[in-house]
Amino acid sequence: MDIVHHTFIGGVGFVALAAQQQELAGLGFLAGSVFPDLDVAFMAGGKRFYLKRHQGPTHSLPCAPLYAAALAAVPALQLGWDWAAFAGLLAGLCVHVLLDLFNTFGIQILWPLTPRRFCLDAVFFIDTVAWMLTLGYFALALTGVAAPGAAALVYAILFAAYVAAKFALHRRIKRRHGVDFAIPSAFNPFGYELARLIDVRL
């Protein structure tokens, strides 16, 4: 997902949790949903420098509890430690990382245990169906058509089911066509660009 969509997904968590009088947890989820993409600051070093480091250590699951604790410590200086805020931050971080794992770029999800990038390649980082689900949540929850908490649960189930279906379809297409890469389309949920690796020996 792109950073804008991650922000909206964080907003889903905030709206749902705030409706349960858990504003700090909701703010934590929102902040955690955005934090990993703050590596956009690497753009200051140029495009090549940025692309080499994007979705690196900030997308590490082993480091996620440390990031959540560091972020939770900031409001704790004034308000005291709040485990709900920490849990919200950690949940937002983990949701962000897991969603990016299903994208096409590859993330260092196990850093520092290994610098290897992992990528499930199932959903393009901009996906029309995923956006429709997210915007549909806000349309229902903010207009009062559905309770924010119940709508968030349905949204999470539908979103997870969609990503799982895209992952299964991606694997099936690669097997059927015998290709090395099947890059998903942003607009057509059934569209893929297929490619094979070519062994060139001189």
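Note that the structure is a prediction, hence the values are computed from the model and not measured.

### Comments concerning unusual backbone geometry
For the peptide bond that leads from Trp-111 to Pro-112, omega is 10°, which places it in the cis range. A positive phi angle is found at Gln-55, which is not glycine, with a value near 55°. Along the chain, Gln-55 turns up in the loop between α3 (47-53) and α4 (64-79). Look at Gln-55 and you get buried, because its relative accessible area is 5%. Positioned with a positive phi, Asp-121 is a non-glycine residue whose angle comes to about 60°.

### Quick word on a nonpolar patch on the surface
Residues Ile-3, Val-4, Phe-8 and Leu-135 make up a contiguous nonpolar surface patch of about 300 Å² in total accessible area. Ranked by residues supplied to the nonpolar patch, first place goes to helix α1 (residues 3-18) with 3 residues.

### Side note on the nonpolar core
Within the largest apolar cluster, 18 residues are counted, with the highest numbers of intra-cluster contacts made by Met-1, Ile-9, Val-12, Tyr-137, Tyr-155 and Phe-159. When residues of this core are traced back to their parent elements, those giving at least two are α1, α6 (128-142) and α7 (148-177). With 6 residues, α7 is the single largest residue contributor to this core. Not counting residues up to four positions away in its chain, the partners in contact with Tyr-155 are Ile-9, Val-12, Leu-133, Thr-134 and Tyr-137. Counting 9 residues, the second-largest nonpolar core is a separate cluster that includes Cys-63, Ala-64, Ala-68 and Phe-86.

### Some remarks on the environment of Gly-28
Its place among the elements puts Gly-28 in helix α2 (residues 23-34). Under the relative-accessibility criterion, Gly-28 is labelled buried at 6%. For the pair Gly-28 and Ala-84, spaced 56 residues apart in sequence, the C-alpha separation works out to 8.2 Å.

### A word on the pairing of strand β1 (residues 181-184)
Burial of β1 is one-sided: the residues Ala-182 and Pro-184 facing one way are buried, the residues Phe-181 and Ile-183 facing the other way are not. The sheet contact formed by β1 and strand β2 (residues 192-195) spans 4 bridges and is antiparallel. In the sheet register, Phe-181 faces β2, and the bridge partner there is Ala-195.

### Re the confidence of the model for the chain
Considering every residue of the chain, the mean pLDDT works out to 94; 98% of them sit at 70 or more. No element of the chain has a lower mean pLDDT than α3, at 83, and none a higher one than helix α5 (residues 83-101), at 98.

### Things to note about α2
With 12 residues, α2 ought to run about 16 Å at 1.5 Å a step, and its terminal C-alpha atoms sit 17 Å apart, in line with that. Burial in α2 covers these residues: Ala-25, Gly-26, Gly-28, Phe-29, Gly-32, Ser-33 and Val-34. Residues of α2 that are buried make contact with α1 and α5.

Rules used in this analysis
Residues numbered from 1 in each chain as written. Predicted model: local features only at pLDDT ≥ 70, side-chain atom pairs only at ≥ 80, totals over all residues. Heavy atoms only, no water. Helix = DSSP H or I, 4+ residues; strand = E, 2+ residues; numbered from the N terminus. Buried < 20%, exposed > 50% of the residue type's maximum accessible area, 1.4 Å probe, protein only. Patch = residues over 30% accessible without salt bridge, like charges linked within 9 Å, V, L, I, M, F, W, Y side chains within 5 Å. Areas by Shrake-Rupley, 256 points an atom, 1.4 Å probe, with all protein chains shown as cover. Salt bridge = Lys/Arg side-chain N within 4 Å of Asp/Glu carboxyl O. Core = buried A, V, L, I, M, F, W, Y, C linked by side-chain atoms within 4.5 Å. Contact = heavy atoms within 4.5 Å. Pairing = 2+ DSSP bridges. pLDDT = per-residue confidence, 0-100. Expected span 1.5 Å × (residues − 1).

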